[in-house]
Amino acid sequence: MPQEHIEEYLEAIYDIAGKDGTAKTSEIAERLKNAPASVTEAFQRMKQKGLVRYESHKGVTLTAKGYKAAIKMKRKHRLLEVFLDKMLHLPRENIHEQACKMEHVLTDETEIALCKTLKGPTECPHGSPIPPCNLEVKNCQECLSEQSLSLEKRDKDIIAITSLKTGDKAKIVFVRGGGGVMQRLCDLGLTNGTEVSLVRTAPIHGPIEIRVRGCKLVIGRGIAEKIFVHKT
Amino acid sequence: MKVDLVVALAGNANVGKSSIFNQLTGLGQIIGNWPGKTVEKAEGVLLHHDKHINIIDLPGIYSLSTYSQEEIVSREYIALQHPDVVVNVVDATALERNLFFTLQLLEMGAPLVIALNLVDVAKKKGITIDEKKLQKLLNAPVVPTIATKGIGVHEIIDEAIDQATRQASAHKNNIYYGPEIETRIKKLERVLTGVHIIYPLRWTAIKLLEGDSEIVNKVGEKHPDVIVAANILAGEISEIHKEPCSTVISSERYAVAARIVKEVQTFKELEKPSIGERLDALSMHGIWGYILMFTIMISILMFMSLFGGWFSEIIQNLFESANPHLTGFWPSLFWNGGVVGLYATLAVAFGFILPFYLILGFLEDSGYLPKIAYLMDRPCHTIGLHGKACIPLLLAFGCNVPACVGCRIMETKRDRFIAIFLSTLVPCSARTVVILGLVGAYVGVQWALLLYVFDFILIFLIGRLLNRFLPGVSVGIIMEMPSYRVPSATVITKQAWNRFKPFLITALPLIILGSILIEAMRLTDVLSLVSNALSPVTVVWLGLPAFTGFLFIFGVLRKEASLVLLMTAAGTVDIRSAMSPVQMIVFALVIMIYVPCIATIAALVRETGWKRAGFITFTEIGLAFFIGGLAFRLLNMLM
């Protein structure tokens, strides 16, 4: 099974998986326009590689390794979309398909260079968030001002604070974006390394409530998606 | 009068500054359990042991930066007006976050007294704080207080007087940050010594390192070399920490705050979730929270409508039973103009307005408003705002004027404009009087509710339009969530009275006067002249009786007056004999939208300038008459 196919599968599972993280075989088959039989076969291969957990009739879920790989592809895909839209001014309706093909040949080095050239975008042209990079940086300014690509890779898994579950505790590693909002979050105590816990999430992409330094804060979804944490 | 001492109250939002201010001065600064109430500083005087003490209540802020309007107001005051003592009100339940601000006050070198407020709530949460130790670490007196009960507030002033008489050297700041930062602060201070600046030295140096735009501009105007030096030093700091210098300094302050908290605070985790937490879980629940919110809102409207109607009837019967039924110019003027004007206004005042202010006070003091902001944040995005806008929008149900001012809690100009515009469309208590007192009482409660629903749809549509055509996007909500508390009856009644008093003093005489004037015009046939002149709009387009024309003009002064004056102008208290149900609905509809009252227009001018205030006013006039005419034609087909 070529790497490119595996990557397509990972993305599809990532997109389709519901709240419990499971995607149904039939959904994946429909999405990728493949026969269910070949989808099951692909799941078995991916299971051997440790990318997914799969049991027939129960659907498929990503393992930590699979999740990481899926996020990486999403990041490349959406960065490419921004590039095709903003720099090359291609028609919006074409960029998704083009990005789908390009993402598989994009090296990590190119990915970082692309992110810097585009000044660290946070959303793709369709409004979906771009997952953060895995470099050892505390925020985007630092990376953008760095001339070389000498930054080390992060060894921790980081997720957006909005991906935490109710009651989860985590430490802040990285706040994307800059200017007033970032300073505001800092002033309210959300500095790097601070422990936070998710109290609750409002429905339909509403704000989140977190507990930090003994007080509760409500943060809008758009801002919260830029706060990245490491689960403890 | 000689002022002996100026004391400024400063601190985070919603920690009890205004409560302490009210306790000390006996004044009625609006208080309530949500962050952002105080947007302008308030001043009051206290006579304490033969000393005249000026107390200044500053807006609540989290930092001395320039993120929001309130921060600028507070910091300019402390830095430039040099109050003799700054009383830093600190929330004992959130010591770490509050100390972050205390540390900035220490950087400013202001003579400080710490009021450790809410010690009772902290105790309930299992938090105890060693005041003596805190006092030593901060090198400033610490007074534990329970502001709502007045405990400790006068001790604050004793300490403040002591603190003011101490030598300046006694206020020495003994809080230091990491050596790599301190050495650079010192270096920059040396650069600054030759420079004439109005701000405290250490504070200016820190602000320059943080790259605070205002201070950089002010200093940079005359001394660009200082800015260059500051940038180099800031660059060195961010090189060491791999973070922008401003976040390094914030982190450093928090590190110091955390260290202090660790030394002075003991925390015993409670076994059971508190009642407040359980209430939170219900009132902020993804489904139940919304159901609860709508139930509360509809119950309030229903209650107001029923109570107001019932009360008006009692008052009316009471007065009408004494009606001598005299005829002739002067007796008619006296009774139909004066007495009817008086009792109708009393009915409006005590039947609708006062009860509403009591309910609003209850919601405000309990801490429910921020929960609504949380629940409504997502829906607010569709009209280009974020959840915090709900707070002024809800206050607008009481009166549009404080709502317009309250819109300052919105961070950007764009958000503020949208919020202000929408606030003026919210039916305030005066318009509620017309909707419930006319349509609710004589046509049916369901029609009154329908008017509200229509108004909300209108607000939504205008919000969408503004969102579409104004450039920019909303920054999103960042708000502290206060805990619930048991509302205090004294606070609620006092607050309601403070809001209600201006109505009694200014509106009551005005409405009675207007009522007499209209009666005189009716008796001398001047009214019909005015009415005829306006009849193309009122009669032909809106299908209303001719006498309503004058009411629209008078309604600009006070909207609640239009109901009272309607009775006078119709020449009867039984509106049903003078107007059809459709006419009542159309009348209430136009009154609801047509123009903000004169006080609101004044507030609009102050908050947004002439151009925007004019835009809002004329848009609403046009909209009201347009919709009114359509409604008349549509309703005539239906009813």
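Residues numbered from 1 in each chain as written. Chains lettered and ligands numbered in written order. Predicted model: local features only at pLDDT ≥ 70, side-chain atom pairs only at ≥ 80, totals over all residues.

## What to know about the environment of Ala37 of chain A
We count it as follows: Runs of H or I in DSSP of at least four residues are treated as helices and runs of E of at least two as strands, each being numbered from the N terminus.
Looking at the element boundaries, Ala37 of chain A is found in helix H3 (residues 36-48). Sequence-wise, Ala37 of chain A and Gly180 of chain A are 143 residues apart; in three dimensions their C-alpha atoms are separated by 53 Å.

## Looking at the interface of chain B and chain A
Operational definition: Once C-beta atoms are placed from the backbone, any two residues with those atoms within 7 Å are in contact. Side-chain classes are defined by residue name, with Ala, Val, Leu, Ile, Met, Phe, Trp, Tyr, Cys and Pro counting as nonpolar, Asp, Glu, Lys and Arg as charged, and the others, Gly among them, as polar.
Contacts between chain B and chain A engage 31 residues on the former and 33 residues on the latter. Counting only elements with at least two residues in the side of chain B that touches chain A, the list comes to helix H3 (95-108), helix H11 (245-264), helix H15 (369-381) and strand S9 (478-480) of chain B. Counting residues per element, the side of chain B that touches chain A draws most heavily on H11 of chain B, at 5 residues. Partitioned by chemical class, the residues of the side of chain B that touches chain A number 14 nonpolar, 10 polar and 7 charged.

## Some points on the packing of helix H4 (residues 64-87) of chain A against helix H6 (residues 108-117) of chain A
Residues and elements named next belong to chain A. This is how the line gets drawn: Note on method: axes are straight lines fitted to C-alpha atoms, helices fitted across the in-contact stretch only, with angles between N-to-C directions ranging 0 to 180 degrees. Small angles under 35 degrees read as roughly parallel and large ones over 145 as roughly antiparallel, with 65 to 115 read as roughly perpendicular and the rest as oblique. Here a crossing is called left-handed whenever its near helix is offset anticlockwise from the far helix by less than a right angle, and right-handed whenever the offset is clockwise.
It is the contact of H4 with H6, at a shortest axis distance of 10 Å, that shows an interaxial angle of 45°. Considering their axes alone, H4 and H6 lie oblique with respect to each other. Considering only the axes of H4 and H6, their crossing is left-handed. Residues Lys76, Leu79 and Phe83 of H4 form the contact with H6, whose own contacting residues are Glu111, Leu114 and Cys115.

## Some points on the pairing of strand S2 (residues 42-48) of chain B
Residue and element names in this part refer to chain B. The line we're drawing: Two strands qualify as a pair provided that DSSP identifies no fewer than 2 bridges between them.
Alignment of S2 against strand S3 (residues 51-57), held across 7 bridges, turns out to be antiparallel. Across the sheet, the residue bridging to Val45 is Asn54, located in S3. Hairpin remark: S2 followed by S3, antiparallel, with 2 residues in the connecting loop; positive phi at His49, about 45°.

## As for the domain arrangement of chain B
One frequent convention defines the size of an interface as the accessible area lost when the parts assemble. Residues and elements named next belong to chain B. Note the following rule: Annotation comment: domain bounds sourced from an automatic or database domain assignment.
Assigned domains within chain B: domain 1 (5-171), domain 2 (179-267) and domain 3 (288-475 + 489-638). For domain 1 and domain 2, the distance between their C-alpha centres works out to 24 Å. Contacts between the two partners involve 20 residues from domain 1, matched on the other side by 21 residues from domain 2. No other element matches the 7 residues that H3 contributes to the side of domain 1 that touches domain 2.

## Concerning the nonpolar core
When a protein is soluble and globular, its nonpolar side chains tend to lie buried together. Put simply, the rule is: Each nonpolar core comprises buried Ala, Val, Leu, Ile, Met, Phe, Trp, Tyr and Cys residues, the members being joined through C-beta atoms within 7 Å. Each residue is classified by how many other C-beta atoms fall within 10 Å of its C-beta atom, where C-beta atoms are placed from the backbone; a count of 20 or more means buried, 12 or fewer means exposed, and values in between mean partly exposed.
Membership of the largest hydrophobic core comes to 215 residues, with the highest contact counts inside it found for Val87, Leu209 and Ala588 of chain B. No other element matches the 11 residues that helix H14 (residues 329-366) of chain B contributes to this core. Apart from the residues lying within four places of it in its own chain, the contact partners of Ala588 of chain B are Val434, Ile435, Leu438, Val439 and Leu451 of chain B. With 21 residues, the next largest nonpolar core counts Ile6, Ile13, Ile28 and Tyr67 of chain A among its residues.

## Comments concerning the sheet that holds strand S1 (residues 22-23) of chain A
All names here are of chain A. With antiparallel pairing, 3 strands are arranged side by side in an open sheet as S1-S3-S2. Of all the strands in the sheet, the pair left with one neighbour each is S1 and strand S2 (52-55). As judged from the 4 bridges shared by S2 and strand S3 (residues 59-62), these two strands associate in the antiparallel manner. Its bridge partner lying in S3, Glu55 is registered against Gly59. Seen against the sheet, H3 touches S2 and S3 and runs at an angle of roughly 130° to S2.

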